[in-house]
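A look at the structure
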Amino acid sequence: MDSKLYSPSLGYAGQGGDNPISTLTAGTVVDRFELQEKLHVGGMAHIWKVQEVNHQGDSRLPLVMKVPRIKGGEDPATIVGFEVEMMILPMLRGRHVPQFIAKGDFTRQPYIVMERIEGQSLRPRLDEAPLAIDEVIEIGSRVATAVHDLHRQSLVHLDIKPSNIMFREDGTAVLVDFGLSRHDHLPDLLDEEFTLPMGTGPYMSPEQVQFVRNDPRSDLFALGVMLYHFVTGERPFGAPNSVHGLRKRLFVDPVPPRALREDCPPWLQEIILRCLEVDPEKRHDTAAMLAFDLTHPEQVALTARAARMVGRAAAGVSDNPQGFLYGPGRGQPGPAPDGRRQRPRAAGGALPRLARRPGRGGWLRPAAEGRAAAQAARRAQVRLARRTARRHRPRHR
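Described in the following lines is the structure provided in the data block. Everything numeric in this text was worked out from a predicted model, so none of it was measured.

**Overview of the overall build of the protein**
When helices and strands are counted, the protein shows twelve helices and 14 strands. The proportion of buried residues among the 397 residues of the protein is 52%. Counting contacts in the protein only where the partners sit at least 6 residues apart, residues at least 24 apart contribute 62% of the total. Counting every atom, the protein has about 18,400 Å² of accessible surface; 51% of that belongs to carbon and sulfur.

**A few points about the packing of aromatic side chains**
Counted by the stated rule, this structure contains three aromatic pairs. Measuring from centroid to centroid gives 6.4 Å for F33 and Y111, while their planes differ by 70°, and the two rings are edge-to-face. With F33 in strand β4 (residues 33–41) and Y111 in strand β8 (residues 111–115), this residue pair connects regions lying 78 residues apart in the sequence. A residue is classified by how much of its surface remains accessible, and Y111, at 0% relative accessible area, is buried. Plain terms: the ring middles of F221 and F237 are 5.7 Å apart, the flat faces sit at 15° to each other, and that makes the pair stacked.

**Regarding the pattern of salt bridges**
Throughout the structure, instances matching the rule amount to 21 salt bridges. Each of the salt bridges in this network shares a partner with another, and the network as a whole consists of R182, D184, D188 and R213.

**Here we look at helix α1 (residues 76–88)**
Taking 1.5 Å of rise per residue, the 13 residues of α1 would be expected to cover 18 Å, and the 19 Å separating its terminal C-alpha atoms lies within 8% of that figure. Across the 13 residues that make up α1, a large majority, twelve, are buried. For α1, the complete set of buried residues consists of P76, A77, T78, I79, V80, G81, F82, E83, V84, E85, M86 and I88.

**Observations regarding the nonpolar core**
Ranked by size, the top nonpolar core spans 63 residues in total, and within it V143, F178, M226, F230, L268 and L290 carry the most contacts. Residue assignment for this core shows that the elements contributing at least two residues are α1, β8, α3 (133–152), β11 (173–175), α4 (189–193), α6 (217–232), α9 (266–275) and α10 (287–295). The biggest single contributor to this core is α6, with ten residues. Once residues lying within four places of it in the same chain are set aside, the contact partners of M226 are L122, I139, V143, K161, P162, I165 and Y203. By size, the runner-up hydrophobic cluster in this structure holds 13 residues, among which are F33, M65, I101 and A102.

**So, the packing of α6 against α9**
It is the contact of α6 with α9, at a shortest axis distance of 7 Å, that shows an interaxial angle of 140°. On the basis of their axis angle, the class for α6 and α9 is oblique. Both α6 and α9 take part in a crossing whose hand is left-handed. The residues of α9 that touch α6, namely those facing L220, F221, G224, L227, Y228 and V231, are L268, I272 and C275.

**So, the pairing of β8**
Buried residues dominate β8, accounting for five of its five residues. The pairing of strand β6 (residues 63–68) with β8 spans four bridges and is antiparallel. Bridging across to β8, L63 finds its partner in E115. With four bridges joining them, strand β7 (residues 100–104) and β8 adopt antiparallel strand pairing. In the strand pairing of β8, A102 is matched with V113. Linking β7 back to β8 in an antiparallel pair, the connection comprises six residues.

**Quick word on α6**
Between the first and last C-alpha of α6 there are 23 Å, a value that for 16 residues agrees with the 22 Å anticipated at 1.5 Å per step. Counting buried residues along α6, 16 of its 16 residues qualify, which places the element largely inside the surrounding structure. One or two residues past the end of α6 sits G233, with phi positive at roughly 85°.

**Structural notes on the environment of H157**
Within the secondary structure, H157 sits in the loop between β9 (155–156) and β10 (165–167). The contact partners of H157, leaving out residues within four places of it in the chain, are L150, N164, L175, V176, D177, F178, L180, S181 and D219. There is a polar contact of 3.1 Å between the side chain of H157 and the backbone oxygen of D177.

**Notes on the pairing of strand β5 (residues 45–52)**
In this sheet, β5 lies alongside β4 in antiparallel orientation, the contact comprising seven bridges. Note that in β5 the partner of E37 across the bridge is K49. Taken together, β4 and the strand that follows it, β5, pair antiparallel across an intervening segment of three residues. Bridge analysis of β5 against β6 gives six bridges, and the strand direction is antiparallel.

Reading the values: rules and limits
Residues numbered from 1 in each chain as written. Predicted model: local features only at pLDDT ≥ 70, side-chain atom pairs only at ≥ 80, totals over all residues. Heavy atoms only, no water. Helix = DSSP H or I, 4+ residues; strand = E, 2+ residues; numbered from the N terminus. Buried < 20%, exposed > 50% of the residue type's maximum accessible area, 1.4 Å probe, protein only. Contact = heavy atoms within 4.5 Å. Areas by Shrake-Rupley, 256 points an atom, 1.4 Å probe, with all protein chains shown as cover. Phe/Tyr/Trp six-rings, centres within 6.5 Å; stacked < 30°, edge-to-face > 60°. Salt bridge = Lys/Arg side-chain N within 4 Å of Asp/Glu carboxyl O. Expected span 1.5 Å × (residues − 1). Core = buried A, V, L, I, M, F, W, Y, C linked by side-chain atoms within 4.5 Å. Axes fitted to C-alpha atoms, helices over the stretch in contact; angles between N-to-C directions. Parallel < 35°, antiparallel > 145°, perpendicular 65-115°, else oblique. Left-handed = near helix turned anticlockwise from the far one by under 90°. Pairing = 2+ DSSP bridges. Polar contact = N/O pair within 3.5 Å; in protein donor to acceptor, adjacent residues only side chain to side chain.

Okay, structure coming up:
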């Protein structure tokens, strides 16, 4: 779709060689949508409340427009992540996602218009943690149900966190922000373009840290992090801001919730620590099974996890003494989930200072990571320039 812009002071921005309006303001009309109020300013996009001017289609819904931040020097992940969401959102259906309405391309004005979910996200509740156990269970079961619905649609969200979770008036959980997601039937642009782990630090699963993006159980790990925080008021792995910090979760266990909160039931600790297992095979097989366990505590099979009061590392116990993330029993080297053989840790439990180049089968030294990131940025800019050139190329009739 060509994006046609209108400003109260400039009128409509025509097609062809005319320049689009560089700054969007209240009253601007983008295609058939009038911007009314800026609701949110994020690191990667702005969210506007909009209304449809001509009331075409299913326009009686309350709507928002998501507009990416694209300026000189912006992180290329902003462009690629928005491209990913533009591909994924139209393919999703159901009550657990906002309804997709329209989108605009990068040659004029990129945007996504979708249903507006009233109310706040789950993020403010983090400031009120620890929450009542009953409320944690209710939140967890509703979110797990929503996650399962997305997994049934061949999507792994890969950025489950409170700020990406909202609720409809009837209590149905709605998941938003699919810029880091992976769909089985679409190209994984983030895996193709970038060599560093992609996600939100506190919620990233061990396999995400190891560049594996196709396992739905990664979302269960993130949900376990959220449940842990709501129960204890603390993050299980802190808030790392480096790859080195992220890798600690591969071999350091969190403090068991019952060590921080005495009234945490053993069965709930069992569920949370199962979600936080390093090996995906030891987590629940599906989000539906997790939702079932949260609503049927009497059927939760208790293991040593339920009685644990200190982390296994603090107790001098490890079920992964040789430091392999994947493999038979996690104590033996073996293939990773995508068929690669996992590299062992160096002496002392440290991971080798290597980063895999996703989709290319190679490994990068730290010095090469910077070059690879620069190359990814250039590729993103070249793609955008080519689209713009094609848009303005003269057409011969």
